[in-house]
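If you want the building blocks of each chain, they are given just below.
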Amino acid sequence: MSAPTRIAVLASGRGSNLQAILDAIGGGQLPAKVVGVFSDRPAAEALQRVAPGLRWAHAPKEFSDRAAYELALGNALAAATPDWIICAGYMRILGADFVQRFDGRLVNIHPSLLPLHKGLDTHARALQAGDAEHGASVHLVVPELDAGAVLAQARVPVLPGDDAHSLGERVLAVEHPLLIATLQLLCAGRLAERDGQPWLDGHPLFNPLALDSAGNLNR
């Protein structure tokens, strides 16, 4: 039996996606091990979801500059020897040197149908734009904000009477199964990255995989 895939998680908030990963591991759905949770906010609730020995948390203001912070974060991550690094509600843009250091191993989950609505306040912006549907994307991390190749997406309808909160709750409900389904493919080695291009089962993936109602990803 192969060793479990080593997953490190970057989080700034409550850690609901981290909990989904932990639940999937505990339930035997994901052959993985969380080897560390890393945060820019020492009070982040996400940190409480793992044992103290798996927590790394430092505010960037503790360091002389952004480069010093990201060097410390990167060194801590490297010491955990992760196979994949998952940005799950991590609210800082990662610099080019950091991204290059972990190139091909960094994945982010973002609450919009990228390339639509990069950055913050995605639910309000989807409503303002009059979008008929909204959703979430799992993508590779590159230095440009939310611009890496999209691996998989889940879609939800925008309903009459929606506000940012109700739409956000509907998106969150599909974020978790989307992330787990994507991680299942990554852990199995079926989904991989080569020179910025996603590959699935040995073939280039030119369009994001789509999550169906059963929680499966399809071309």
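Everything here concerns the structure above.
About the cut-offs
- Residues numbered from 1 in each chain as written.
- Predicted model: local features only at pLDDT ≥ 70, side-chain atom pairs only at ≥ 80, totals over all residues.
- Heavy atoms only, no water.
- Phe/Tyr/Trp six-rings, centres within 6.5 Å; stacked < 30°, edge-to-face > 60°.
- Helix = DSSP H or I, 4+ residues; strand = E, 2+ residues; numbered from the N terminus.
- Buried < 20%, exposed > 50% of the residue type's maximum accessible area, 1.4 Å probe, protein only.
- Pairing = 2+ DSSP bridges.
- Contact = heavy atoms within 4.5 Å.
- Axes fitted to C-alpha atoms, helices over the stretch in contact; angles between N-to-C directions.

Turning to the packing of aromatic side chains, a few remarks are in order. Throughout the structure, instances matching the rule amount to 4 aromatic pairs. Taking 6.1 Å as the distance between ring centres and 45 degrees as the angle between the ring planes, the aromatic pair formed by W56 and Y69 counts as tilted. Taken as a pair, W56 in strand 3 (residues 55-57) and Y69 in helix 2 (residues 66-79) lie far apart in primary sequence, 13 residues in all. Y69 matches W56 in its accessibility class, with the two residues each being buried.

Before going further, it helps to spend a moment on the sheet that holds strand 1 (residues 5-10). Here 9 strands make up an open sheet; going across it, the order is 3-2-1-4-5-6-7-11-12 and the pairing mixed. Unpaired on one side and paired on the other, strand 3 and strand 12 (217-218) mark the two borders of the sheet. Packing against the sheet, helix 1 (residues 16-26) makes contact with strand 1, strand 2 (32-39) and strand 5 (106-110), and its axis sits at approximately 160 degrees to strand 2.

Our next topic: the environment of A76. Relative to the elements of secondary structure, A76 occurs in helix 2. Among the residues examined, A76 registers a relative accessible area of 19% and is labelled buried. Along the sequence, A76 and F38 sit 38 residues apart, while their C-alpha atoms lie 8.5 Å from each other.

The strand order across the open sheet formed by 3 strands is 8-9-10, and the pairing between neighbours is antiparallel. Because the sheet does not close on itself, it has two edges, and the strands there are strand 8 (191-194) and strand 10 (203-204). Pairing between strand 8 and strand 9 (residues 197-200): 4 bridges, direction antiparallel. Each residue of the ladder has a partner; that of E193, found in strand 9, is P198.

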